[in-house]
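Residue strings, one per chain:
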Protein chains: 2
Amino acid sequence: MNAESLLESYLYKSIKNCENKNSPPRLISAIHHAVFPGGARIRPRLSLAVAQACGNDEPDFALATACSIEFLHCASLVHDDLPCFDNADFRRGKPSVHKAFDERIAVLTGDALIILAYRVVASASVKDKNRLADVLHCISNGVGVPEGIVAGQAWECESKATLRQYQKAKTGALFYAATLSGAIASGDLSNDWGLLGEVLGEAYQVADDIRDVIANPTELGKPTGQDESLGRMSSAKELGLSGAVNYFDDLINKAVLAVPDCKGAGKLKKLVQAESQRLVPKKGPMRVSRSVKSPSRVIFPG
Amino acid sequence: MNAESLLESYLYKSIKNCENKNSPPRLISAIHHAVFPGGARIRPRLSLAVAQACGNDEPDFALATACSIEFLHCASLVHDDLPCFDNADFRRGKPSVHKAFDERIAVLTGDALIILAYRVVASASVKDKNRLADVLHCISNGVGVPEGIVAGQAWECESKATLRQYQKAKTGALFYAATLSGAIASGDLSNDWGLLGEVLGEAYQVADDIRDVIANPTELGKPTGQDESLGRMSSAKELGLSGAVNYFDDLINKAVLAVPDCKGAGKLKKLVQAESQRLVPKKGPMRVSRSVKSPSRVIFPG
């Protein structure tokens, strides 16, 4: 089984393990809805790829760690889509959880997924239990206060915040946790694996900002133009579309350089480049728009 | 320092450890608002009391475990008060988090508290790391799916649910986790410490149902009559007020009998009895109303 299939099956099994005759059926359905079918699973794939590059001597634990990262990501999407935040009707091409079920179930689904993320790591087999404490600490930093996803979402509720502070917490922190936790799960504490995730996280956020301006909502599977309509900070707004695409390229180069020396470094660098091509293709509308100076000319022509 | 002060100071310190110059200030204020001043702290006190009855050979870990239980409880209150659930304006005698801040901050505060609960346990010092995995598993059962608090709240969103199934998950599960985690934190895996928590949790829920019918909202610090107005299941509705008070007494007797043989058993039994007196005093309006057959005669006279 390849890494992608292993991951999907581990995610599925982890949810199944939480079901029994006493579990409330709508909540269980909503959890499935929030996790399957997935998006690109970029964070857990990255975590697993780092674990593999570091030797992957505890494969069950590395898989559990990667799943945990994905559950936390899914939780953040469900809560982020809530009416009080983005009020998004669609996610991954289908109704968001509060639309498919209701708002209460959406709040609980996010909560359940956060808990499941921790449960799956705590339940995985790992000989060196110090890794358990270290991974838990790492993922908590990625999602909690002061600098994780929840803090990032909270910056949306502040009147003063810098773009970098906001994006670093809202996206960068979980990418940082993805690479670092993959290394910890495989016992590599010697290299700075967090930097790779941090830079990739920023690149991913910039790509997301670009897509929010120019992508087709049907192809993207979620509404576009959200940053503009919700008055949210965005690198495409700050740098212009062309500047944002250049910045994305710089970040990808930086990410490739950030891969520490290790047995699987070459494979990992290739994965980074393949991801960059998927996010902002070398040819296509995102590159054509390089010549456009201001994003507002694209979104609101004339 | 006594157990109560130790607990308050550990809760405070755990939140402070999550603050730095990058943390979003409104979210941090809201977390403090949700945790301080506390209610009776019955769950963490119970967890600590069991840890002490079992020898308390890892006091830092037992304290962290107790705090974790309280953070999870506070998280559930914040989310339970949200407009889409109880829409409660008051909690513990002051505005609920979504009233004092806003709905977005309330969603994030609950999320941050769940994460903090896990972080505090993972960060505590403990020589035997197996206890870490066991405590994490135990608290996850108390709050997650299939039978923890989140599942309990989800039963409110189902058309078919039994009162026992609902209360067991919504309240009993975290009490079960409180006593069991206290024992695990002190290395006692030999006795059935969960039963004590389960029975006390049910007693606590019955007392809460009784108070919802007859208490004064100002004294209680939150709105009353919620079960009736929200159409929620309640033992006072099912058994009548007199029946509910009798059932409460039976449960307290059962809880005292459920305390396993151990060095601190006597002290623990006294704590259970003191709590029962605090919840449903032997003299007072809750006992006077024993003669009333139906709760509806009390709430809606005539």
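Each remark here, short or long, concerns the structure printed above.
This one's a predicted model, so the numbers in the text were calculated from it and none came from an experiment.

### Remarks on the overall build of chain A
Moving on, step 1. Of regular secondary structure, chain A possesses 16 helices and 2 strands.
Moving on, step 2. A compact globule built from 302 residues should have a C-alpha radius of gyration of about 19 Å, and chain A, at 19 Å, falls within 12% of that.
Moving on, step 3. Along the first, second and third principal axes, the C-alpha set of chain A runs to 60 × 50 × 35 Å.
Moving on, step 4. Sorting the 302 residues of chain A into buried and exposed places 60% on the buried side.
Moving on, step 5. When contacts within chain A are restricted to residue pairs at least 6 apart in sequence, those whose partners lie at least 24 apart make up 72%.
Moving on, step 6. Once the 36 positive and 34 negative side-chain charges of chain A are each reduced to a mean point, those two points are 4 Å apart.

### Brief notes about the packing of aromatic side chains
Describing an aromatic ring pair means giving the distance of the ring centres and the angle of the ring planes.
Moving on, step 1. All chains considered together, the criterion is met by 5 aromatic pairs over all chains.
Moving on, step 2. Measuring from ring centre to ring centre gives 5.3 Å for Phe175(B) and Tyr204(B), while their planes differ by 40 degrees; the resulting arrangement is tilted. Remark: Tyr204(B) occurs in helix α10 (residues 193–214) and Phe175(B) occurs in helix α9 (residues 163–185); sequence separation between them is 29 residues.
Moving on, step 3. Sitting over the ring of Tyr204(A), Arg43(A) keeps its end group 5.0 Å from the ring centre.
Moving on, step 4. The ring of Tyr204(B) carries Arg211(B) above its face, with NZ or CZ at 6.0 Å from the centroid.

### Structural notes on the interface of chain B and chain A
By a widespread convention, an interface's size corresponds to the accessible area lost as its parts come together.
Moving on, step 1. Between chain B and chain A, the contact holds 50 residues from the first and 50 residues from the second.
Moving on, step 2. Summing both sides of the interface, chain B and chain A together bury roughly 4700 Å²; the carbon and sulfur share of this comes to 68%.
Moving on, step 3. For the interface between chain B and chain A, the tally reads 0 salt bridges.
Moving on, step 4. Summed over the shared surface of chain B and chain A, the result is 20 residue pairs in polar contact (both at pLDDT 80 or more).
Moving on, step 5. Of all elements in the fold, only α2 (25–35), α6 (103–123), α7 (129–143) and α8 (149–155) of chain B reach the threshold of two or more residues within the side of chain B that touches chain A.
Moving on, step 6. Top contributing element to the side of chain B that touches chain A by residue count: α6(B), with 13 residues.
Moving on, step 7. Its residues placed into classes, the side of chain B that touches chain A shows 28 nonpolar, 12 polar and 10 charged.

### Observations concerning the nonpolar core
Moving on, step 1. Residues Phe71(A), Leu113(A), Phe71(B) and Leu113(B) are the most contacted members of the largest nonpolar core, which totals 126 residues.
Moving on, step 2. Those residues within four positions of Phe71(B) in sequence are excluded, and the remaining contacts are Leu11(B), Ser14(B), Ile15(B), Val35(B), Leu113(B), Leu116(B), Ala117(B) and Val120(B).

### Some thoughts on the environment of Ala30(A)
Residue and element names in this part refer to chain A.
Moving on, step 1. Relative to the elements of secondary structure, Ala30 occurs in helix α2 (residues 25–35).
Moving on, step 2. Using a relative accessible area of 0% as the deciding quantity, one classes Ala30 as buried.
Moving on, step 3. For the pair Ala30 and Ile105, spaced 75 residues apart in sequence, the C-alpha separation works out to 7.2 Å.

### Considerations on the environment of Phe36(A)
Residue and element names in this part refer to chain A.
Moving on, step 1. By the secondary structure assignment, Phe36 is in the loop between α2 and α3 (42–53).
Moving on, step 2. With 174 residues separating them along the chain, Phe36 and Ile210 place their C-alpha atoms 25 Å apart.
Moving on, step 3. Discounting residues that sit within four places of it in the chain, Phe36 has contacts with Glu8, Leu11, Tyr12, Ile15, Arg41 and Lys94.

### Points about the packing of helix α6 (residues 103–123) of chain A against helix α7 (residues 129–143) of chain A
Residue and element names in this part refer to chain A.
Moving on, step 1. Where α6 meets α7, the axes come as close as 10 Å, and the angle between the chain directions of the two elements is 165 degrees. It follows from the interaxial angle that α6 and α7 lie roughly antiparallel. Crossing of α6 over α7 shows right-handed handedness. Contacts between α6 and α7 involve Tyr118, Val121 and Ala122 on the former and, on the latter, Leu132, Val135, Leu136, Ile139, Ser140 and Val143.

### Some remarks on α7(A)
Because an α-helix packs 3.6 residues into every turn, residues spaced three or four apart end up facing the same way.
All names here are of chain A.
Moving on, step 1. For α7, spanning 15 residues, the distance from its first C-alpha to its last is 22 Å, which sits close to the expected 21 Å at 1.5 Å a residue.
Moving on, step 2. Buried residues dominate α7, accounting for 11 of its 15 residues.
Moving on, step 3. Within the sequence span of α7, burial applies to Lys129, Arg131, Leu132, Ala133, Val135, Leu136, Cys138, Ile139, Ser140, Gly142 and Val143.
Moving on, step 4. Where α7 starts, the residue carrying a side-chain oxygen 3.0 Å from the main-chain nitrogen of Asn130 turns out to be Asp128.

### Structural notes on the relation of the copies chain B and chain A
Moving on, step 1. Superposition of chain B onto chain A requires a rotation of 180 degrees combined with a translation of 0.0 Å along the rotation axis, giving an RMSD of 0.0 Å. These values place the two chain copies in the arrangement generated by a two-fold rotation axis. Taking C-alpha positions as reference, the residue of chain B nearest the rotation axis is Lys129(B), located at 2.9 Å.
Moving on, step 2. Comparing interface residues between copies, 100% of those in chain B also lie at the interface in chain A; the contact surface is shared.

Basis of the calculations
- Residues numbered from 1 in each chain as written.
- Chains lettered and ligands numbered in written order.
- Predicted model: local features only at pLDDT ≥ 70, side-chain atom pairs only at ≥ 80, totals over all residues.
- Heavy atoms only, no water.
- Helix = DSSP H or I, 4+ residues; strand = E, 2+ residues; numbered from the N terminus.
- Rg over C-alpha atoms; globule rule 2.2 N^0.38 Å.
- Buried < 20%, exposed > 50% of the residue type's maximum accessible area, 1.4 Å probe, protein only.
- Contact = heavy atoms within 4.5 Å.
- Lys, Arg positive; Asp, Glu negative; His and termini not counted.
- Charge placed at Lys NZ, Arg CZ, Asp CG, Glu CD.
- Phe/Tyr/Trp six-rings, centres within 6.5 Å; stacked < 30°, edge-to-face > 60°.
- Lys NZ or Arg CZ within 6 Å of the ring centre and 35° of its normal.
- Buried area = accessible area lost by both parts, 1.4 Å probe.
- Salt bridge = Lys/Arg side-chain N within 4 Å of Asp/Glu carboxyl O.
- Polar contact = N/O pair within 3.5 Å; in protein donor to acceptor, adjacent residues only side chain to side chain.
- Nonpolar A, V, L, I, M, F, W, Y, C, P; charged D, E, K, R; others polar.
- Core = buried A, V, L, I, M, F, W, Y, C linked by side-chain atoms within 4.5 Å.
- Axes fitted to C-alpha atoms, helices over the stretch in contact; angles between N-to-C directions.
- Parallel < 35°, antiparallel > 145°, perpendicular 65-115°, else oblique.
- Left-handed = near helix turned anticlockwise from the far one by under 90°.
- Expected span 1.5 Å × (residues − 1).
- Least-squares fit on C-alpha atoms with pLDDT ≥ 70 in both.

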